[in-house]
Structure formats: C-alpha cells, structure tokens
Amino acid sequence: DTEVTQTPKHLVMGMTNKKSLKCEQHMGHRAMYWYKQKAKKPPELMFVYSYEKLSINESVPSRFSPECPNSSLLNLHLHALQPEDSALYLCASTGLAFNEQFFGPGTRLTVL
Amino acid sequence: SQQGEEDPQALSIQEGENATMNCSYKTSINNLQWYRQNSGRGLVHLILIRSNEREKHSGRLRVTLDTSKKSSSLLITASRAADTASYFCATDGGSNYKLTFGKGTLLTVNP
C-alpha cells in the first residue's frame, strides 16, 4: 500500500465549530506532515511529526492542533477558525530524511 | 526569503514540444526534488537529485542541478496534454525531513 489517505475530501465549517482532519498511511513511514496550500501558492509546512513526536511547528496558530495517535495516523484538530484559514490541507509522509514525500489528495476546507 | 523559486511562473506550449522550468534556491541542500500537482489535488513526486549529482533522467524527465549557481532545471520532453499541471521544486535546506517548496510553474500543454 503506497498511498496516503485523507478524510474528509471537503469540509465546510463555521467559525465556532470544532472539526478534525484525518490522515492515514500504511507504508511504515515514521515522519508525517501537515501542509496548508492556498490557491495558486505552494504548500506551506505547518507541522512535522517524527517517530510520533512533534518535531517541527512552523509557528502555527493554536486554533490548529495536531495529534499523532500512532505511527500510521495523523490528525489535525480545528477550532475557532477564521475565513482566511480556508485552504487545501495536505498530509504527507516519508520513510527517511531527505527522501521523497508521499502526499494525500488533500482536504478542501472552507470556513464560513 | 523563500527557498526554491521557479521560473517561468506560467508556461504554455503545444503537445509534442519540450518544456523547461527553472528553480533557484538560496541555502545549501542535501537534495532537490520536483513535484507535480494537478489542479486542486495532492502532489506527486517526480524526481530527486542529490547535491553530488549533476543530472538525472526518469522517462521523459531530465533534471539538472548546479550547486555553484544554486539552480536546477526540469525538462519534460515530448509533452502531452496530460502533463498540464503545476510543477514545484522543493529543497531541504540541509534540514532533516523538512522541505520548502518554490512558488511553482503552471504548465499548460495544448492538444
């Protein structure tokens, strides 16, 4: 299994809602990532988990809360988001440092 | 400043022509990677070139790396309409696991 899956594909939420994005991989990769991508822009790194520990947080606002329950799963908990947080949220994983990253198809998030 | 800046920002060609995209970066790297993204979807890894390599081929793709100029190019030969996508270079900046993506080139291949 060489794919990264993400659910849901689309999410519309109000600014007072709490929701979660999910990401799963079964490639045995030990590093997993969350990226945010606005239209016509490159992906921007948000968080990196390495061996289930948060190793990089790119100064992301606390309304985004990552969680890595085990080596195959990565969640992104969302609370009190702003309309400007609307974007494509991409999950990725990699087996080794300095190697290719495998991306999921993304969750298209709209905050009303 | 952002690692990995591609040019051109947009490129439109006819099917069968070659497409060349360039990427410049600012800091030392262990490797440079190229990814493709179809509209609104996830990124797909195309090719990785290590800092001690100068050229690499994969099918219709040819990547060059010039570490003295901190630049790379991606050549797609005999382009097809299905190659229409955004192409991003990504560098590790010498940092474990972390990639920084360039601004991307939007390639349109007209049938």
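Heads up: the structure comes first, above all this text.
These numbers were taken from a predicted model, which means no experiment stands behind them.

A.B. asks: Would you mind going over the overall build of chain A in detail, with residue names and values included?
C.D. replies: When helices and strands are tallied, chain A shows zero helices and 11 strands. For 112 residues, the compact-globule formula gives about 13 Å, and the C-alpha radius of gyration of chain A, at 13 Å, lands near that figure. Taken over the C-alpha atoms alone, chain A extends approximately 40 × 25 × 20 Å along its principal axes. When the 112 residues of chain A are sorted by exposure, 46% land in the buried category. Partitioning the intrachain contacts of chain A with sequence separation of at least 6 by distance along the chain shows that 53% fall at a separation of at least 24. Counting every atom, chain A has about 5,400 Å² of accessible surface; 51% of that belongs to carbon and sulfur. With 12 positive and 10 negative side-chain charges, chain A shows a separation of 8 Å between the mean positions of the two kinds.

A.B. asks: I'd love a proper account of the sheet that holds strand S3 (residues 18–25) of chain A, names of residues and values included.
C.D. replies: All names here are of chain A. Within the open sheet, the four strands sit side by side as S1-S3-S8-S7. Their pairing is antiparallel. The open sheet has two free edges, formed respectively by strand S1 (4–7) and strand S7 (64–70), since each of these has just one partner strand. Going from strand to strand, the sheet's axes swing by 20° on average, the running direction of each strand aside. In this sheet, strand S8 (residues 73–79) lies alongside S3 in antiparallel orientation, the contact comprising seven bridges. Residue Glu24 lies in a different strand from S8, and its bridge partner there is Leu73.

Calculation notes
- Residues numbered from 1 in each chain as written.
- Chains lettered and ligands numbered in written order.
- Predicted model: local features only at pLDDT ≥ 70, side-chain atom pairs only at ≥ 80, totals over all residues.
- Heavy atoms only, no water.
- Helix = DSSP H or I, 4+ residues; strand = E, 2+ residues; numbered from the N terminus.
- Rg over C-alpha atoms; globule rule 2.2 N^0.38 Å.
- Buried < 20%, exposed > 50% of the residue type's maximum accessible area, 1.4 Å probe, protein only.
- Contact = heavy atoms within 4.5 Å.
- Areas by Shrake-Rupley, 256 points an atom, 1.4 Å probe, with all protein chains shown as cover.
- Lys, Arg positive; Asp, Glu negative; His and termini not counted.
- Charge placed at Lys NZ, Arg CZ, Asp CG, Glu CD.
- Pairing = 2+ DSSP bridges.
- Axes fitted to C-alpha atoms, helices over the stretch in contact; angles between N-to-C directions.

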